[in-house]
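Take a look at the letters that make up each chain.
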Amino acid sequence: MKQFFVTVLPQNRRLTADEGDNLLELLREYGTAPDAPCGGYGTCGKCLVYVDGIRILACEVRIDRDMTVELPLE
Ligand code: FES
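Treat the numbers as computed from the prediction; the structure is a model and nothing was measured.

Peer 1: How do you make sense of the nonpolar core when you look at a structure like this?
Peer 2: One broad rule of soluble globular proteins: the nonpolar side chains tend to lie buried together. The biggest cluster of nonpolar side chains holds 21 residues, and the ones touching the most others in it are Val6, Leu23, Ile63 and Val69. When residues of this core are traced back to their parent elements, those giving at least two are β1 (3–9), β2 (13–18), α1 (23–29), β3 (48–51) and β5 (67–70). Ranked by residue count, the leading element in this core is α1, at four residues. Setting aside anything within four residues of it in sequence, one finds valine 6 in contact with Arg13, Arg14, Leu15, Ala17, Leu23, Leu26, Ile63, Met67 and Val69.

Here's what the structure looks like:
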């Protein structure tokens, strides 16, 4: 299985993910997840992040490459 690096800003942490991993679950695993009251079903809109500069719901991202994820400031 392929592995990818996910750089998380502003903490500047570098996480390792398997191809196809869900971004929200990865961030949760490392304790850096945004709020996700709907539990990752794509309905609450609270897990917005920027992936390579593009605004997107973390729960809808499958990791398929190295990427940089910017968490919104509180
Ligand atoms: S966790 Fe609710 S939209 Fe992503």
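From this point, the narrative continues.
Peer 1: Is there a simple way to think about the sheet that holds β3 in this case?
Peer 2: Hydrogen bonds between backbone groups are what pair the strands of a sheet, and the pairing can be parallel or antiparallel. Overall, mixed pairing links the five strands, which are arranged β2-β1-β5-β3-β4 in an open sheet. In the strand order of this sheet, the two ends are held by β2 and β4 (54–57), each with one partner. Each adjacent strand pair in this sheet contributes to an overall mean axis angle of 35°, direction not counted. Judged from the two bridges that link them, β3 and β5 form a sheet pairing that is antiparallel.

Peer 1: I keep staring at the pairing of β1 and nothing clicks. Help me out?
Peer 2: As a general feature of sheets, a regular strand has side chains that alternate between the two faces. Judged by which residues are buried, β1 turns out to be one-sided: Phe4, Val6 and Val8 face inward and are buried, whereas Gln3, Phe5, Thr7 and Leu9, on the alternate face, are not. Strand direction decides the pairing type here: β1 and β2, joined by six bridges, are antiparallel. Following the sheet pairing, phenylalanine 5 is matched in β2 by threonine 16. Looking at chain direction, β1 and β5 are connected through four bridges and run parallel.

Peer 1: Explanation requested: the side chain of asparagine 22 in the structure shown.
Peer 2: Inspection of the secondary structure assignment puts asparagine 22 in the loop between β2 and α1. Of the polar contacts made by the side chain of asparagine 22, one reaches the backbone oxygen of cysteine 59; its length is 2.9 Å. Non-local contacts of asparagine 22, meaning those with residues more than four positions away in its chain, are made with Ala58, Cys59, Val61 and Arg62.

Definitions and cut-offs
- Residues numbered from 1 in each chain as written.
- Predicted model: local features only at pLDDT ≥ 70, side-chain atom pairs only at ≥ 80, totals over all residues.
- Heavy atoms only, no water.
- Core = buried A, V, L, I, M, F, W, Y, C linked by side-chain atoms within 4.5 Å.
- Buried < 20%, exposed > 50% of the residue type's maximum accessible area, 1.4 Å probe, protein only.
- Helix = DSSP H or I, 4+ residues; strand = E, 2+ residues; numbered from the N terminus.
- Contact = heavy atoms within 4.5 Å.
- Pairing = 2+ DSSP bridges.
- Axes fitted to C-alpha atoms, helices over the stretch in contact; angles between N-to-C directions.
- Polar contact = N/O pair within 3.5 Å; in protein donor to acceptor, adjacent residues only side chain to side chain.

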